[in-house]
Amino acid sequence: PMGAVRSSSNGGRSIAWAFMQKNFNAIKTMIGNANSSLMDAVIVSCAGGFCSNEKADEIEAFFKANPVPRSSRKIQQTLENMRSNAKFLALLQESDLKSDEFWSTV
(Lines give C-alpha, C1' and ligand atoms only; values in the text may rest on other atoms or scores of the structure.)
Protein backbone atom coordinates (compact mmCIF):
# COMPACT_ATOMS: atom_id res chain seq x y z
CA PRO A 1 0.00 0.00 0.00
CA MET A 2 2.79 2.49 0.79
CA GLY A 3 4.33 2.08 -2.65
CA ALA A 4 0.96 2.53 -4.34
CA VAL A 5 0.33 5.77 -2.44
CA ARG A 6 3.82 7.04 -3.27
CA SER A 7 3.44 6.18 -6.95
CA SER A 8 0.01 7.76 -7.28
CA SER A 9 1.12 11.40 -7.54
CA ASN A 10 3.45 14.06 -6.18
CA GLY A 11 1.03 14.45 -3.30
CA GLY A 12 1.07 10.70 -2.70
CA ARG A 13 4.85 10.76 -2.53
CA SER A 14 4.70 13.40 0.20
CA ILE A 15 1.97 11.53 2.08
CA ALA A 16 4.00 8.29 2.08
CA TRP A 17 7.12 10.09 3.33
CA ALA A 18 5.16 11.90 6.06
CA PHE A 19 3.58 8.57 7.08
CA MET A 20 6.97 6.93 7.42
CA GLN A 21 8.37 9.79 9.47
CA LYS A 22 5.38 9.83 11.80
CA ASN A 23 5.26 6.04 12.21
CA PHE A 24 8.95 5.24 11.92
CA ASN A 25 9.39 3.72 15.38
CA ALA A 26 6.29 1.57 15.02
CA ILE A 27 7.42 0.37 11.57
CA LYS A 28 10.90 -0.37 12.88
CA THR A 29 9.43 -2.32 15.79
CA MET A 30 7.08 -4.33 13.55
CA ILE A 31 9.92 -5.30 11.24
CA GLY A 32 12.23 -6.02 14.17
CA ASN A 33 14.98 -8.46 13.28
CA ALA A 34 13.32 -9.72 10.12
CA ASN A 35 15.22 -9.72 6.86
CA SER A 36 16.62 -6.26 6.17
CA SER A 37 15.04 -6.32 2.71
CA LEU A 38 11.68 -5.60 4.40
CA MET A 39 12.94 -2.31 5.83
CA ASP A 40 14.68 -1.58 2.51
CA ALA A 41 11.34 -1.97 0.73
CA VAL A 42 9.62 0.38 3.20
CA ILE A 43 12.38 2.96 2.76
CA VAL A 44 12.18 2.86 -1.03
CA SER A 45 8.37 2.86 -0.98
CA CYS A 46 8.13 5.85 1.33
CA ALA A 47 11.28 7.88 0.68
CA GLY A 48 12.05 7.05 -2.94
CA GLY A 49 10.83 8.86 -6.00
CA PHE A 50 11.71 12.40 -5.04
CA CYS A 51 13.74 14.42 -7.51
CA SER A 52 15.40 17.27 -5.61
CA ASN A 53 18.58 17.83 -3.66
CA GLU A 54 16.57 19.52 -0.92
CA LYS A 55 14.40 16.44 -0.36
CA ALA A 56 17.48 14.20 -0.48
CA ASP A 57 19.08 16.37 2.22
CA GLU A 58 15.91 16.17 4.32
CA ILE A 59 15.75 12.38 4.02
CA GLU A 60 19.45 12.04 4.74
CA ALA A 61 19.06 14.13 7.90
CA PHE A 62 16.11 12.00 8.99
CA PHE A 63 18.11 8.79 8.71
CA LYS A 64 21.11 10.34 10.47
CA ALA A 65 18.80 11.14 13.38
CA ASN A 66 17.04 7.75 13.07
CA PRO A 67 19.72 5.31 11.94
CA VAL A 68 18.91 1.98 10.32
CA PRO A 69 22.35 0.37 10.08
CA ARG A 70 21.15 -2.74 8.25
CA SER A 71 19.60 -0.55 5.55
CA SER A 72 22.37 2.02 5.24
CA ARG A 73 23.33 0.85 1.75
CA LYS A 74 19.74 1.11 0.49
CA ILE A 75 19.41 4.57 2.04
CA GLN A 76 22.60 5.71 0.29
CA GLN A 77 21.42 4.24 -3.02
CA THR A 78 18.06 6.00 -2.66
CA LEU A 79 19.73 9.34 -1.91
CA GLU A 80 22.16 8.91 -4.80
CA ASN A 81 19.27 8.17 -7.14
CA MET A 82 17.39 11.30 -6.00
CA ARG A 83 20.42 13.53 -6.46
CA SER A 84 21.20 12.01 -9.85
CA ASN A 85 17.60 12.54 -10.98
CA ALA A 86 17.68 16.13 -9.68
CA LYS A 87 20.83 16.82 -11.70
CA PHE A 88 19.32 15.25 -14.82
CA LEU A 89 16.09 17.24 -14.38
CA ALA A 90 18.11 20.47 -14.10
CA LEU A 91 19.93 19.62 -17.34
CA LEU A 92 16.64 18.96 -19.10
CA GLN A 93 15.15 22.20 -17.82
CA GLU A 94 18.14 24.13 -19.22
CA SER A 95 17.99 22.40 -22.62
CA ASP A 96 15.98 23.03 -25.76
CA LEU A 97 13.56 20.34 -24.65
CA LYS A 98 11.67 22.90 -22.59
CA SER A 99 10.77 25.00 -25.63
CA ASP A 100 7.65 24.58 -27.74
CA GLU A 101 9.77 25.18 -30.84
CA PHE A 102 11.75 22.00 -30.21
CA TRP A 103 8.62 19.86 -29.96
CA SER A 104 6.98 21.41 -32.98
CA THR A 105 9.87 20.21 -35.17
CA VAL A 106 9.74 16.60 -33.98
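These lines cover the structure that appears in this document, whether it is placed above or below. (Residues numbered from 1 in each chain as written. Predicted model: local features only at pLDDT ≥ 70, side-chain atom pairs only at ≥ 80, totals over all residues. Heavy atoms only, no water.)

**Some details on the overall build of the chain**
No. 1: What the chain contains, in helices and strands, is 6 helices and 0 strands.
No. 2: Secondary structure of the chain in N-to-C order comes out as α-α-α-α-α-α.
No. 3: Counting across all 106 residues of the chain, residues that qualify as buried make up 28%.
No. 4: Within the chain, counting contacts between residues at least 6 apart in sequence, those at least 24 apart form 66% of the total. (Helix = DSSP H or I, 4+ residues; strand = E, 2+ residues; numbered from the N terminus. Buried < 20%, exposed > 50% of the residue type's maximum accessible area, 1.4 Å probe, protein only. Contact = heavy atoms within 4.5 Å.)

**Structural notes on the packing of helix α4 (residues 53–65) against helix α5 (residues 72–94)**
No. 1: It is at 8 Å that the axes of α4 and α5 come closest, and there the two elements cross at 165°. On the basis of the axis angle, α4 is roughly antiparallel to α5. Crossing of α4 against α5: the hand is left-handed. Residues N53, K55, A56, D57, I59, E60 and F63 of α4 touch α5, and the partners they reach there are I75, L79, M82, R83 and A86.
No. 2: Partitioning the contact of α4 with α5 into residue classes produces 7 nonpolar, 1 polar and 4 charged. (Axes fitted to C-alpha atoms, helices over the stretch in contact; angles between N-to-C directions. Parallel < 35°, antiparallel > 145°, perpendicular 65-115°, else oblique. Left-handed = near helix turned anticlockwise from the far one by under 90°. Nonpolar A, V, L, I, M, F, W, Y, C, P; charged D, E, K, R; others polar.)

**Thoughts on helix α3 (residues 36–47)**
No. 1: The first and last C-alpha atoms of α3 sit 16 Å apart over 12 residues, in line with the 16 Å expected at 1.5 Å per residue.
No. 2: Within α3 the residues assigned to the buried category are M39, D40, V42, I43, C46 and A47. Along α3, the residues classed as buried sweep out an arc of 160° about the axis, all on the same side. (Expected span 1.5 Å × (residues − 1). Arc of directions from axis to C-beta.)

**Regarding helix α2 (residues 10–31)**
No. 1: Helix length check: α2, at 22 residues, gives a terminal C-alpha distance of 27 Å against a target of 32 Å (1.5 Å per residue), a shortfall beyond 12%.
No. 2: In α2, a bend of some 75° at N23 exceeds every other bend along the element.
No. 3: What α2 keeps buried is the set G12, R13, A16, W17, M20, F24, I27 and I31.
No. 4: In the segment just after α2, G32 is the residue with positive phi, at about 55°. (Bend = angle between axes of the 7 residues up to and from the residue.)

**Quick look at a nonpolar patch on the surface**
No. 1: A grouping of F88, L91, L92, L97, F102, W103 and V106 is seen on the molecular surface, where their side chains present a nonpolar patch of about 700 Å² in accessible area.
No. 2: No other element matches α5, which puts 3 residues into the nonpolar patch.
No. 3: Summarising the element assignment, L97 is placed in the loop between α5 and α6 (100–104). (Patch = residues over 30% accessible without salt bridge, like charges linked within 9 Å, V, L, I, M, F, W, Y side chains within 5 Å. Areas by Shrake-Rupley, 256 points an atom, 1.4 Å probe, with all protein chains shown as cover. Salt bridge = Lys/Arg side-chain N within 4 Å of Asp/Glu carboxyl O.)

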